[in-house]
Every structure is written in structure tokens, then in C-alpha cells.
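Residues per chain, in single letters:
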Amino acid sequence: MSRHVKFVISLALAIAGAAGAAEQHPALSPEESMKRIQLEEGLRIELVAAEPLIVNPVAFAFEPDGRMYVVEGRAYPDPVEAGSGESTLGRIALLTDTDGDGRYDKRTEFASGLGYVNGIMLWRGGLFVTAAPNILYLKDADGDGIADEKKIVLTGFEATKTAQLRVSHPTLGFDGKVYVTSGLNGGKVTSPLHPEREAVSFVSRDGRFDPDTFAFENTGGRAQYGLAFDPYGRRFITSNRHPVLQVMLEPWHLARNPNLAFSDTTQEVSKVEAEAKVFPISRATIAADFIPKLMAAPHNGTFTSASGTVVFGGTALTPGHVGNVFICEPAQNLVQRQVLRPEGASLRSDLPYRGKEFLASSDVWFRPVFAGAGPDGALYIADMGRREIDHPRYIPEESRGLLDFESGKDRGRLYRIVKADAPRGRVRAAKPAEATETTAELVAGLESPDEWWRARAQRLLLERVERVAVPAVEKIALSGKLPQSRARALWTLRGIGGLSATTVAAALRDPYAGVREQAVQLASEMAAKAPELKQALVTAAGDTDARVRFLAALALGSIEGQAAVDALAAIAARDGEDKWTRAAVLSGIGSRMAEFLRALQARRSENPKAFAVMMEHLGRVFGAGAMPEACRELMAQMLTGEGDLSWRLSTVLGVIEGYRARGGGKAAASKDPMVELLGPEGRKAAKARTFFEAAAARAVDSAAPTGERGSAVSLLGYTDFDFAGEKLGALLDARQPPELQLQAVRALERIGDARGGALLIAKDNWSRFTPQIREAAIATLTSKPALIDVLFGAVKAGVVKAPEISSTRRTQLLKHANAKVKAEAEAIFKDLEGGDRMEIYRKYRDGLDAKADPAKGKEVFTRACSACHMRSGVGGKVGPDLTGVRNQPADALLLHIIVPNYEVYPSYQTLSVTTQDGRAISGWLAAETESSLTLRTAFGTEESVLRKSIASLAASGLSLMPDGLEQAMTKEEVSSLIAFLKSGN
């Protein structure tokens, strides 16, 4: 679902706009709405169900005979009825096409009186249903089409936030586990059927459970409303602005090495944010018709409500559509198609064409939210049919009554998409009932050219656990015609207890890489009891396919022996530039770092770039977890050894930073890492002096590669101001590359000398800093008391304006343990902390100028916003990308500028972390695992922190965006800024 904020500029205009919009965009009949749909050439779209037969469909699942279970989101947008504390509107309909004409004509109320239901999956003759706070199991025991068995199998999922932020999408994985999305939410998950089990903390990630035992665990990824598997078991998820993410790592992989500060688990598959173009043909902002200048509809936009993703594997479209990803975008009335391709260890996707969509409608009531395949091989789309798809939570209370969130609560459609010349009629001819279907018939389904039937065959074989099927399934695994069939057959054998080491070893030699991927994962599970597979995994380290090598690295990380270490080093030397492969390798070397170091250094010349990157990250792992003697030995080798200075610089930097992040309490953190690693004289020791002088020279060498200079600049932060101050000051020059300016600012923060703070606020520097560098400088100036004094002096002198300091940092200063700092902060920020932000908003709202100049607004954006926000590919990546906000009313944009903490989306709420060595880091949570977390800071960098090095962590609930931003702009500039954000330029 979308999180757009939609409301109008003033009450009078809103009333007029709503009345006019009803005339301009009336609700259309199913037949009239169909005429508004533009579909890719060569295909046909058919209406298969509409109101009153169904209402607000949000998910569906098919029986093989074509009957369809439909989840109805009738309670949206507010799943809780007034005064009840729980929604009873949730329903599941069972649809039947009784006359075989291809359109459903019979509805059976399978289940009603449920909570807010949003997901469904068939299992053992019944259904798993997501209905936060519960996951339910429903079953029709007597065959009348009505569920007479209902039980809560899991509970504790968060249900207090908005409807689109809830657990959803129960989906059976290749491994026989049911995967669910978090909805960007959390909870404490228990099973009422197993009260003896402890609650599982479900926070900031997705999960899975065993469908028979209901044991629940966290997984990688953090999806909103979209989850899909491709024919090779790769998992893809979705969030509003990120249409396709591939889950690359799981928590149990990263937990193997607690010294690895790496938290990412998902790869952006599709181009994101400013580059994730969509091409709507509707005027999705209804009020746009009445404010032509400020609210004109765009010719293209970006994803803002991506949902209901599916990787298509059906036969009713063309072969070119098989394996493509289809993403629903309800806010802009379209469904996009993307084509997947391999890129390193992961996948990437591209648009098959530009300037148009797979499916788009000019009917603004067309709200596609879910896509899936049917037993006929067709693509099906669920259309909620709502006038407003946005949630009122993100709209000021005073304006919520101006929009009609009720219209469409009695509407909804389901569509089928097939080739234009496909015959019309029944979804699927009747098949034998599951209860009487033979094992041979089920096994044959694994070889179907259609993914729906392959998935169904595996599910039923897993439910039955029929060992008699093993020989036939094994034959498919080894010699099936389709690689997709061979891949699924391998996991089916595992699920029914018939997978042998011989079969896995043969699959490791399969000509198709997708099958070898499965074999590597299965061999990893079996290697402890089948030693012959260990050598096979070592061999897989040299596979021709990058993803197979990545999975081999994950597998080898759990295998003992020098052969496994050597194989990991071989993968690292070849693929170390790929961050996923690098993380996979480092996750598995926890207790054998020294052996891995020797093996890697023996391969130094194979791929110098990969070697250099691996050494830097290996240095961090060494510093964080190796014995101090081993760290000192590696440092000595880097300082005095031979070889390219560039990788020695990055390795030394890695060791120092890793060592600084060690746990052990404040006493350990207070030790100077330079003294600990280099001896009592630290950097001034004879063996280190030459190295650091070379680093200083490299830092200011304009002819050296920027990456090498960056490592050198960072190292200067571990010296002192007398040694590094002059060079760091020179690097603050606006003519230097911005990444080096940023590194120089951070180096001055580490040194912590007031003279460094003075460099930052010097007139020739501060006035020339870009917004990103200025934000980094403010972060530095609020980090330590000596630097805070410099900042306060700059504010009093008018060099730094108080509104430039974010509310998060102001809070940090206003609550500072140092009484002097606290008192000064109270005096400086008294005008910002007081007053009614909503009243300020109303005053600026009344002064909005519809004739404001977007060109002037661009200048304001560059000065005041671009440090944190990107638009059209330019700017920072701290807050949401603003390329797609042109559809939002001007009043909505103004609200979030003036009152940034009015409603902070969970993804962007600020965390403040203090480490044991005294660092203070603020940002929003980009990723986390059991061992580490990663924060996206206000100046656009990502900081990974080992949990063992955290002294304190607090969630402020605030935005990183500062209050009082209007004090740095005139009212005319605010209007111009909004005009720019809404323009197509």
C-alpha cells in the first residue's frame, strides 16, 4: 500500500476539488473501467470477477479446478472498528465458475468475522491466513465450502500501526517452510499450540515457520507487501519505493562471525528511487485538476507503492514473459514488468521498454495490489477498486475529513491476462480431488512447464511425505527435461526424506547453474554426515557461475579443514569486489583468520583489486576479533612489508577501526588503538613513522586514485592535529572531491581537537561547503565537548544557523550530561524548541503561491534539501527520494517541511548509538543482524556497528530532518521549493 499524503491546499479549495473530482473521475462500471486499460501488445485482459461478488481483493489462491480463495481487505484503511478494538470485517470468499465461461458467478463465504486479513496460502486441505496479530489456520472439514475449523497457530505480530505495516504474504519456500513478510513491523511471536516455547523477538526483518510444528524464526529481508520465489527458490521482496529486492543472506549466516560488522541481507534488483521509473496514464492526484500549476500530473514518476510482486512462471503468456517480475503500483494505477538478468552473485532487472507500462489504466479507481499465477498459466491481478488508496494516518487530522476514504468499500475486481489468441473459458479443467490423486500424478506435476503446477506438486508431496515417490522424483532430479523441474525435485526429495549424497553430487555437475545452486545448498546441509560432499563443495568454489561460487562460500564457511580455507581464499581472490561474496567468505572464517590470511596472500596477484578490497575488510575482522598479538603481527607486516601502498593503507585502516570497535567495556575502549597495536610510542614509533608519512603524502596527492587517498585521509584521523591538521585543512577545499572532503571532516572528528572545529567553521570553508559536507561538519561539531564549544560560538557569531542543526542533534545537546553544554543549548535553541509547529505550518500554508518559480525552488532545494534528499538522481540518500512526490498536493509537502516529526515513517525514525570508545552515531536503521547493525547517517554514509561495541542505543522516534527549516528560507522560497518539487524538471 502507498504511504502518500494526499490533502488539499485549503478547506474551500478542498471542498470544491472534491466535488469537481467526483464529476471528473466518477466510479466506473467494470466494463467501462476495462476500456481505460492499456495492455502490452499481443495480450488480452479479461474480467473474471467484480462487485458485488467480491469486495476489495488483496490476495488470492487457486484450487486446481479453478476455484479461487479471495482475501478481502474490506477494513482498509483502518482495520480497527471504532470502539471494538478489533476488526470483524475480514473475509475470505470462495469463488466458482459454475458455467465454464471464464467468469466467476458463485460466491461462498468461506470465512468471515476475521481480523484484518491480507495473505493466504494452501496447506493440508486448509489455509494459512495472515491477520495480525495472528496467523490463522482455516479448514473446511465437511466439504461445504465454509471453514468449520479455525485456530490461531501463531500470534504476537504487531497490529497497532497502519494496515500496510503488518505481517503478510505466507508463501511456501523450496525448503518446506512458510515465509512471511514483516510489513516493516515486529512483535513477540508465540504459538498458542506450544505454550512451552519462548517468544521469538520479531523485529526489523521477515520470518518463516514450520507449517506442521509452527516453530518460528527470523530471516533476512524486511518486506512491506510483496514476497515471491522464482523457479530456483531465490526469494524476492518488496517495499513501497523498492519494487524488487533479492534476499542474499540470512541471519544464521552472519551470526557465524560476531566480528563481522555487516548487516545487509538484501540486494536492490531493480533500479531504485529516482531511477525506478513508472509511466502512469492516469491523473492519480484527483485534486490536480483544480490546481494546474502546482499539482500538474507528471508524464512519468517513480515507485511509491510497489506491492504484490510475482515472478511469473506460467504458460499462458509468451516465453519472453517467463521469469519476469511483475510489480503492482496501486497509487499510480499500473502494473510494471521487469526482466531479470544475472549480475555477480545476485540478479538485476531492467525494463523491457521505456515510456509505457505492461499494464496501465486511466481510471484512478483502478488499484492493483496483488499479482499471481493461476492453474491455467495466466497472470491474475487483484484490483481493490478504491478511490483513495492512501492511509489517513499520514494526513493532518484537520484535513482527513476532506477526503473520501469510504468510496470503493463496496467495489473490487479480478483480472486474467493471457495471450491475445488464447481460447476463452474455464480457468482449468477439473482434476482429480487431492484426496484421490495418485502419487504418480503428483510426481508428474513436477515436470509441468507451468510453475504453478510444479509448486503444487511439491507442496502435496511434502504434505503426504510419501517415500514411495522417491525413485520417480529422483529420476526427475537427475534427468528431468526442465532445469526448473530438476531444481524443485531436489528439494522435494529432501522434504520427503529421500535425498542421497549421490544425487546431490550428481546435481553439482548439472549443466544449468540454477540447479547447481540448489545442490550447493543441499550439500552444505548434508556434508557433516556425507564427507564426500565436502570435496564436492571445495570443487564448487571454482564453478563458472558467480552465484554458485557465492553459495559455495556460504557452505564452506561451515566446513572445517585447510581445503575449505583454501577454497574460501580462492573465491575471495576471484570475487572479493562483490560485497555479497566478500561477506559470505568473511562470515565463515571466524576462528581461522590467520589461516585464511596466509591462503589469501598466496593469491595476491590473481586479481589485485579483489585482493585489496578483501584485505581491508579482513583487517576489520582481524581488528575486531583476532588475538591482540595477531593484530600486531598483521600491522607490523603492513607497516614494514613490501607491496602496493594502496592495499596496505586500507588494511592498516581496517585493523585500527576493527580494534577500536572491540567489546570489553569502557576500560578496553578507552585504550588508544595506536598504542595497543604499535607499542608505547604509537604512530611515532620508528616502524610506523615512515608509513604514516607516506599516508599523509598520499592523502594530498591529486594524482593518486581517490579511493587510495580516502584510506589515507581516514588514517590521518588516528594521528593528532599537529601532524595532520594542515593536510586535513587543505582537503576541506571545495575543489577537492566531495568524498575526500567528507573523510577529512570525519578525521577531524576522530582527532577531536578544537582547532579542527575551527577549521570547519572558518569562513572560507563553511560558506563553500555543499549541504552534505555541511551536515557532516555539524555531526562532527556535536560529537565532543571541545567541538561543541566551537559550534556554539559559530551559532552565536551567525556563521552557523540554529535551524541547520537537526532536531535529533538538538535533543542530544539539550540532554547532554555536561551541564554547561545543556545550558548553552537551551539558550541557543529556545526559539526553535518553543512554539506550535502546526500553527507555523498553517501560516505558511495560507501564503503558498501557485505562481512560484520552480527555477528558484531548485536553488533552494540544492541549498537546503539536497544533503539528505535526492531528486532526479541528484542529492543525498538519507531521507526518501523526492522524485516521485510531484503527485502530492502542495499542502502535503509543506507539512513535512515545516513539521517533519508530524508522522515519521518507521523506516526513517532516528536511532542514536553511543559506542564504548565514545563515538556518537545517529541515523535510521538500514539493516541489522544478531551481530551488528547499520545506520544511514544524516550526511549520507552508512555506519556498521558491532553490537558488542555499543554502550547505549536509543530510539528517539524523531526524524533526522530538522525542525525550523523555514527559518533558513523566506516564504517566497518555500513556495518556490514546493513548485520545484512538483514540477517535471
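Bear in mind the structure is a predicted one, so any value in this text is a computation, not a measurement.

*Asks:* Quick question: what am I supposed to make of the overall build of the chain here?
*Replies:* When its secondary structure is counted, the chain shows 35 helices and 37 strands. Counting every position in the chain, which comprises 985 residues, the buried fraction comes to 62%. Expressed as a percentage of contacts within the chain between residues at least 6 apart in sequence, the contacts between residues at least 24 apart total 66%.

*Asks:* Sorry if this is basic, but what is going on with the nonpolar core here?
*Replies:* A general tendency of soluble globular proteins is for nonpolar side chains to be buried together. Counting 142 residues, the largest nonpolar core has F596 and L728 as the members making the most contacts within it. In contact with L728, other than residues within four places in its own chain, are V713, L716, A744, A747, L748 and I751.

*Asks:* Any chance you could explain the packing of helix 13 (residues 562-575) against helix 15 (residues 593-601) here in plain terms?
*Replies:* Between two packed helices, both the angle of their axes relative to each other and the distance between the axes serve to describe the pair. Relative to each other, helix 13 and helix 15 sit at 50°, their axes nearing to 9 Å. By the angle class used here, helix 13 and helix 15 are oblique. Here the hand of the crossing between helix 13 and helix 15 comes out right-handed. For the pair helix 13 and helix 15, the contacting residues are Q562, V565, D566, L568, A569, A572 and A573 in the first and E595, F596, A599 and L600 in the second. Considering only residue class, the contact of helix 13 with helix 15 consists of eight nonpolar, one polar and two charged.

*Asks:* So what exactly am I meant to see when it comes to the sheet that holds strand 18 (residues 235-239) here?
*Replies:* Strand-to-strand pairing in sheets goes through backbone hydrogen bonds, with the strands running parallel or antiparallel. Read across the sheet, four strands follow the order 17-18-19-20 without closing on themselves; strand pairing throughout is antiparallel. Sheet topology places strand 17 (227-229) and strand 20 (266-268) at the edges, where each strand pairs with a single neighbour. Along the sheet, successive strands turn relative to each other by an average axial angle of 30°, direction set aside. With three bridges joining them, strand 17 and strand 18 adopt antiparallel strand pairing. Of the residues in strand 18, the one forming a bridge with F229 is R235.

*Asks:* Can you help me understand the environment of L442 in this one?
*Replies:* The topology assignment puts L442 in helix 5 (residues 439-445). Exposure remark for L442: the relative accessible area of 1% places this residue in the buried category. Spatially, the C-alpha atoms of L442 and A469 are 9.1 Å apart, while their sequence positions differ by 27 residues. Residues contacting L442, with those up to four places away along its chain left out, are E437, R456, A457, L460, L461 and R464.

*Asks:* Hey, could you run me through helix 32 (residues 837-846) in this one?
*Replies:* Given 3.6 residues to a turn, an α-helix orients residues that are three or four positions apart in the same direction. Of all the residues in helix 32, the buried ones are R837, M838, Y841, Y844 and R845. Looking down the long axis of helix 32, one finds its buried residues gathered within 120° of arc, a one-sided arrangement. Turned more than 90 degrees from where helix 32 packs its buried face, K843 and D846 sit exposed.

*Asks:* Where do I start with the environment of D510 in this structure?
*Replies:* Along the chain, D510 falls in the loop between helix 9 (501-507) and helix 10 (513-526). C-alpha of D510 to C-alpha of A477: the two residues are 33 residues apart in sequence and 9.9 Å apart in space. Here D510 is in contact with R486, V515 and R516, once residues within four sequence places are set aside. A distance of 2.8 Å separates polar atoms of two side chains, one belonging to D510 and the other to R486. Here the side chain of D510 touches Y512 through a polar contact of 2.8 Å, landing on its backbone nitrogen.

*Asks:* Help me understand the packing of aromatic side chains, please; the structure alone is not making it clear to me.
*Replies:* Centre-to-centre distance and the angle between the planes together describe a pair of aromatic rings. Within this structure, the stated rule accounts for 22 aromatic pairs. Seen from their ring centres, F366 and Y415 are 6.0 Å apart, and the 65° between their planes marks the pair as edge-to-face. Of this pair, F366 sits in the loop between strand 27 (359-361) and strand 28 (368-373) while Y415 is found in strand 30 (residues 413-419), placing the two residues 49 residues apart along the sequence. Taken together, F60, F62, F370 and Y380 form an aromatic cluster joined through their ring pairs.

*Asks:* Would you mind going over the pattern of salt bridges with me for this structure?
*Replies:* Oppositely charged side chains can pair when the atoms bearing their charge come close. Applying the stated criterion across every chain yields a total of 48 salt bridges. Residue R755 is joined to D753 by a salt bridge in which the shortest nitrogen-to-oxygen separation is 3.0 Å. Judged by relative accessible area, which is 42%, R755 ranks as partly exposed. By relative accessible area, D753 is classed as partly exposed at 23%. Among the ionic pairs, E804 bridges to R774, the shortest N-O distance being 3.2 Å. With E804 in the loop between helix 28 (785-796) and helix 29 (807-814) and R774 in helix 27 (residues 771-781), this residue pair connects regions lying 30 residues apart in the sequence. The exposure class assigned to E804 is buried, which follows from its relative accessible area of 19%.

*Asks:* I would appreciate a short explanation of the sheet that holds strand 15 (residues 207-209) in the present structure.
*Replies:* If you trace the four strands from one edge of the open sheet to the other, you get 11-12-15-16, paired in antiparallel fashion. This sheet does not close on itself; its edge strands, each paired only once, are strand 11 (168-172) and strand 16 (216-218). Strand-to-strand twist in this sheet, taken as the mean axis angle between neighbours without regard to direction, amounts to 25°. Both strand 12 (residues 178-181) and strand 15 contribute to a ladder of three bridges, which runs antiparallel.

*Asks:* How should the side chain of R411 be read in this particular structure?
*Replies:* Inspection of the secondary structure puts R411 in the loop between helix 4 (397-400) and strand 30. One buried charged side chain, R411, makes no salt bridge at all; its nearest oppositely charged neighbour is E51, positioned 4.2 Å away. Looking at R411, its side chain comes within polar contact range of the main-chain oxygen of L28, at 2.6 Å. Those residues in contact with R411 that sit more than four places away from it in its chain are A27, L28, E51, I54, V55, N56, W365, M384 and G385.

Conventions we followed
Residues numbered from 1 in each chain as written. Predicted model: local features only at pLDDT ≥ 70, side-chain atom pairs only at ≥ 80, totals over all residues. Heavy atoms only, no water. Helix = DSSP H or I, 4+ residues; strand = E, 2+ residues; numbered from the N terminus. Buried < 20%, exposed > 50% of the residue type's maximum accessible area, 1.4 Å probe, protein only. Contact = heavy atoms within 4.5 Å. Core = buried A, V, L, I, M, F, W, Y, C linked by side-chain atoms within 4.5 Å. Axes fitted to C-alpha atoms, helices over the stretch in contact; angles between N-to-C directions. Parallel < 35°, antiparallel > 145°, perpendicular 65-115°, else oblique. Left-handed = near helix turned anticlockwise from the far one by under 90°. Nonpolar A, V, L, I, M, F, W, Y, C, P; charged D, E, K, R; others polar. Pairing = 2+ DSSP bridges. Arc of directions from axis to C-beta. Polar contact = N/O pair within 3.5 Å; in protein donor to acceptor, adjacent residues only side chain to side chain. Phe/Tyr/Trp six-rings, centres within 6.5 Å; stacked < 30°, edge-to-face > 60°. Salt bridge = Lys/Arg side-chain N within 4 Å of Asp/Glu carboxyl O. Lys, Arg positive; Asp, Glu negative; His and termini not counted.

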